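The residues making up each chain are set out below.
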Amino acid sequence: MSSTFTKSTARNIFYGGSVFFFLLFLALTFDTMRALPKRDNSANLTESAIRGKKIWETRNCIGCHTLLGEGAYFAPELGNVYKRRGPDFIRAWMAAQPTGAPGRRQMPQFNLNEKEMNDLVEFLKYSSEINTNNWPPNIEG
């Protein structure tokens, strides 16, 4: 390499690097857009799951829980709770809140009717079937 680093050399490195990383960005974006439709589980999206997502949003569940890594970290990850615990456990847990156990964080009672509870469970089932590439790494969330 030359012992002098000229303005022209710096400019060529800058432009060459910029073009390289821009092309790399485009390639990664293309690869992601090609892979996502195979993993999104949209074929299993039901009206019940859509209503359940609306309940998830209006009750601000993401204010405490995470879903597929997004949200708050105050309460457990729920992206795989359907697989870990099952629908009956989810219904029983929601109905038993707040537990009143001293020294524990408490989930509020949302007073969901049976239809709303079934919709929420259906949304959690749908979420658990999304191919997340093994996220979260810990099965307990």
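Residues numbered from 1 in each chain as written. Predicted model: local features only at pLDDT ≥ 70, side-chain atom pairs only at ≥ 80, totals over all residues. Heavy atoms only, no water.

Our focus in this paragraph is the packing of helix H2 (residues 47-58) against helix H5 (residues 114-128). Between H2 and H5, the shortest axis-to-axis distance is 7 Å and the interhelical angle comes to 100°. The angle between H2 and H5 places the two elements in the roughly perpendicular class. In this structure, H2 contributes Ser48, Ala49, Arg51, Gly52, Lys53, Ile55 and Trp56 to the contact, and H5 contributes Lys115, Glu116, Asn118, Asp119, Leu120, Glu122, Phe123, Leu124 and Tyr126. Of the residues that constitute the contact of H2 with H5, the class distribution is seven nonpolar, three polar and six charged. (Axes fitted to C-alpha atoms, helices over the stretch in contact; angles between N-to-C directions. Helix = DSSP H or I, 4+ residues; strand = E, 2+ residues; numbered from the N terminus. Parallel < 35°, antiparallel > 145°, perpendicular 65-115°, else oblique. Contact = heavy atoms within 4.5 Å. Nonpolar A, V, L, I, M, F, W, Y, C, P; charged D, E, K, R; others polar.)

Turning our eyes to something else, we now look at the UniProt feature "transmembrane region" (unreviewed entry) in the protein chain. Here, UniProt's "transmembrane region" (unreviewed entry) annotation points to residues 12-30. Taken end to end, residues 12-30 comprises 100% helix and 0% strand; its first and last C-alpha atoms sit 27 Å apart. (UniProt positions renumbered as here; feature names shortened; annotations may be inferred.)

To continue, consider the pattern of salt bridges. Close approach of charged atoms allows side chains with opposite charge to pair. Applying the stated rule across the entire model yields seven salt bridges. For Asp88, the salt bridge identified is with Arg91, shortest N-O distance 3.6 Å. Of this pair, Asp88 and Arg91 both sit in helix H4 (residues 87-96), three residues apart, which is roughly one turn of the helix. Take Asp88: its relative accessible area is 60%, and that puts it in the exposed class. On the basis of relative accessible area, Arg91 is assigned to the partly exposed category, the value being 29%. For Asp119, the salt bridge is made with Lys115, and the minimal N-O distance between the two is 3.6 Å. Taken together, the residues Asp119 and Lys115, both in helix H5 and four residues apart, mark about one turn of the helix. (Salt bridge = Lys/Arg side-chain N within 4 Å of Asp/Glu carboxyl O. Buried < 20%, exposed > 50% of the residue type's maximum accessible area, 1.4 Å probe, protein only.)

Before going further, it helps to examine the packing of H4 against H5. At a minimum axis separation of 10 Å, H4 and H5 run at an interaxial angle of 130°. Here H5 runs oblique to H4, going by the angle between their axes. At the point where H4 passes H5, the crossing takes the right-handed sense. Residues Pro87, Ile90, Arg91 and Met94 of H4 pack against Met117, Asn118, Leu120, Val121 and Leu124 of H5. (Left-handed = near helix turned anticlockwise from the far one by under 90°.)

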